[in-house]
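Understanding the architecture of this molecule
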Amino acid sequence: WRGIETTIIVCNGQNRYSTAAMLGISGVAIKLVAAIALFFNQSHPLESWAPLYFCSLFLVMMIGVIFIYPKPKLSWQPKAWIGRAKDAMGVSAAETLFYLQSEMDKVLVLALGGEILSGLYAIVMRLIDLTAVPLRAFSTMLTQWIMRSRKSGDAAKTGLKLDLIIGLTSIVAIVAIAVLL
């Protein structure tokens, strides 16, 4: 999945938001097809899941790498590199902390809550991921718009309103899926 996310991030960085969103959505859709196949395989479902999951992710990654990932145009421009290094370090630190926290959450829930609570936690987290997929590209566009806006006070207020709308949409989607389940 990290290879797919890399392609999504690169597409977002090149203002190809719809392509990035479609790749993320297709990744979830192909994993859904794999889960449905697992549901109908009644022989050894848990032993069958790893190959199904791997094949579905590999398929999406190959689609992303072959058809979507831009061909590299390497150029060395120290001025541009130095100017963006600060932003890149901040984003990479935030991503590292985000993934570290999400993995530590899993370990803590398993250690403190046991298997049943850990399973429920995993389901809830997947629901959150599922509702977040279509909103990621929009969130990236919003962040870039705020960063480029000249009136930072107005941009921050508008950004806060949009963040609240995104959050409420995600919460409504999570509740709807939870009620459905």
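Above this text is the structure in question.
First, a word on scope: everything that follows refers to the structure included in this document. None of the values given here were measured: they were computed from a predicted structure.

**Re the nonpolar core**
Among the nonpolar cores identified, the biggest contains 8 residues, and these are I4, I8, C11, A20, L23, L57, V60 and I68. Counting only elements with at least two residues in this core, the list comes to α1 (2-13), α2 (17-40) and α3 (45-68). With sequence-adjacent residues up to four places away left out, I68 is seen in contact with T7, C11, R16, T19, L23 and I63.

**Some remarks on the packing of aromatic side chains**
Taken as a whole and assessed by the stated rule, the structure comprises 1 aromatic pair. Measuring from centroid to centroid gives 5.9 Å for F54 and F58, while their planes differ by 20°, and the two rings are stacked. Of this pair, F54 and F58 both sit in helix α3, separated by 4 residues, roughly a single helical turn. Accessibility expressed as a relative area gives 55% for F54, which makes it exposed. Since its relative accessible area comes to 39%, F58 is described here as partly exposed.

**Comments concerning α2**
One turn of an α-helix holds 3.6 residues; hence residues three or four places apart share an orientation. With 24 residues, α2 should reach 34 Å at 1.5 Å per residue; the first-to-last C-alpha distance of 35 Å fits that figure. Among all positions of α2, only Y17, A20, A21, L23, G24, G27, V28, A34 and L38 are buried.

**Some details on the environment of S102**
By secondary structure assignment, the location of S102 is in helix α4 (residues 78-148). Distance from S102 to M125, taken between C-alpha atoms, is 9.4 Å for residues 23 residues apart in sequence.

**Here we look at the side chain of S56**
Take S56: it is sitting in helix α3. S56 gets classed as buried once you look at its relative accessible area, which sits at 6%.

**Looking at the packing of α1 against α2**
Closest axis-to-axis distance for the α1/α2 pair is 7 Å, and the angle between their directions is 165°. It follows that α1 is roughly antiparallel to α2 by the angle criterion. Seen along the crossing, α1 lies across α2 with a hand that is left-handed. Note on element contacts: α2 touches α1 through Y17, T19, A20, L23 and G24, opposite I4, T7, I8, C11 and N12. The residue inventory of the contact of α1 with α2, partitioned by class, reads 6 nonpolar, 4 polar and no charged.

Reading guide: rules and limits
- Residues numbered from 1 in each chain as written.
- Predicted model: local features only at pLDDT ≥ 70, side-chain atom pairs only at ≥ 80, totals over all residues.
- Heavy atoms only, no water.
- Core = buried A, V, L, I, M, F, W, Y, C linked by side-chain atoms within 4.5 Å.
- Buried < 20%, exposed > 50% of the residue type's maximum accessible area, 1.4 Å probe, protein only.
- Helix = DSSP H or I, 4+ residues; strand = E, 2+ residues; numbered from the N terminus.
- Contact = heavy atoms within 4.5 Å.
- Phe/Tyr/Trp six-rings, centres within 6.5 Å; stacked < 30°, edge-to-face > 60°.
- Expected span 1.5 Å × (residues − 1).
- Axes fitted to C-alpha atoms, helices over the stretch in contact; angles between N-to-C directions.
- Parallel < 35°, antiparallel > 145°, perpendicular 65-115°, else oblique.
- Left-handed = near helix turned anticlockwise from the far one by under 90°.
- Nonpolar A, V, L, I, M, F, W, Y, C, P; charged D, E, K, R; others polar.

By themselves, these observations are geometric and do not establish any function.
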